Amino acid sequence: MASWDIQPQGVQGQLRVVGAHAEDLGDTLSSLLSDLQEAAQAAGTAVPGSQAITPPHGPVMGGSTLKGPTGVSPLAQTSTGPVAAALSEYATHRQNDFKAMADRCQAACLGAAKATSEYVQGDLEAAQNAQNAARTVRLDALKDFGGKQR
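Here's a quick rundown of the structure. (Residues numbered from 1 in each chain as written. Predicted model: local features only at pLDDT ≥ 70, side-chain atom pairs only at ≥ 80, totals over all residues. Heavy atoms only, no water.)

1. What about helix 2 (residues 82-136)?
Helix length check: helix 2 (55 residues) gives 81 Å between terminal C-alpha atoms against 81 Å at 1.5 Å per residue, within 8%. At Arg94, helix 2 is bent by approximately 40°, the largest bend along its length. Among the residues of helix 2, Ala84, Ala91, Phe98, Cys109, Thr116 and Tyr119 are the ones counted as buried. Contact partners of the buried residues in helix 2: helix 1 (8-43). (Helix = DSSP H or I, 4+ residues; strand = E, 2+ residues; numbered from the N terminus. Expected span 1.5 Å × (residues − 1). Bend = angle between axes of the 7 residues up to and from the residue. Buried < 20%, exposed > 50% of the residue type's maximum accessible area, 1.4 Å probe, protein only. Contact = heavy atoms within 4.5 Å.)

Now the structure itself:
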């Protein structure tokens, strides 16, 4: 029969350590995404002068709206440069990886906690079964097998 030497308090302590590291990982990933967003905003565009769109010069007819070639007001348009596009694409492609990291950490911690709980329950059941078995032994029946009765 296999013998195990699991100490639930030790497992609980290790789960706390892993939980703290998992929380640090989550904070780091959040910071990474925030930094990527800031870098994308600061990267500018590939078109000179498009970083700051100014209102049109000269008179504009009252009641009319100025539309650009895309049908949207040039004041509302934002230009995206190649660096910002690359950072955005990177974040989009890594999003599933980041989620998988968090899911794996959570699954490992929950699995270890559940396994340890089941181990403790098994120990308690085994002890209960041993006590029940000891109560059902008839001491007078042991005399016939060479046992001594006290």
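2. With respect to the environment of Lys99
Structurally, Lys99 is set in helix 2. The spatial distance from the C-alpha of Lys99 to the C-alpha of Gly26 is 9.5 Å, given a sequence separation of 73 residues. Side chain to side chain, Lys99 and Asp103 meet in a polar contact 2.9 Å long. (Polar contact = N/O pair within 3.5 Å; in protein donor to acceptor, adjacent residues only side chain to side chain.)

3. Observations regarding the packing of helix 1 against helix 2
Running from N to C, helix 1 and helix 2 point in directions that differ by 170°, and their axes come no closer than 10 Å. On the basis of their axis angle, the class for helix 1 and helix 2 is roughly antiparallel. For the contact of helix 1 with helix 2, the residue count by class is 25 nonpolar, 1 polar and no charged. (Axes fitted to C-alpha atoms, helices over the stretch in contact; angles between N-to-C directions. Parallel < 35°, antiparallel > 145°, perpendicular 65-115°, else oblique. Nonpolar A, V, L, I, M, F, W, Y, C, P; charged D, E, K, R; others polar.)

4. Regarding the pattern of salt bridges
A full pass over the atoms with the stated rule returns 2 salt bridges. In this structure, Arg94 and Asp97 form a salt bridge, with 2.9 Å as the shortest nitrogen-oxygen distance. With Arg94 and Asp97 both in helix 2 and 3 residues apart, this pair spans about one turn of that helix. For Arg94, a relative accessible area of 35% corresponds to the partly exposed category. Looking at Asp97, the relative accessible area reads 36%, which means it is partly exposed. Note that Lys99 is salt-bridged to Asp103, the shortest N-O span being 2.9 Å. Here Lys99 and its partner Asp103 are both found in helix 2, 4 residues apart, which amounts to about one turn of the helix. (Salt bridge = Lys/Arg side-chain N within 4 Å of Asp/Glu carboxyl O.)

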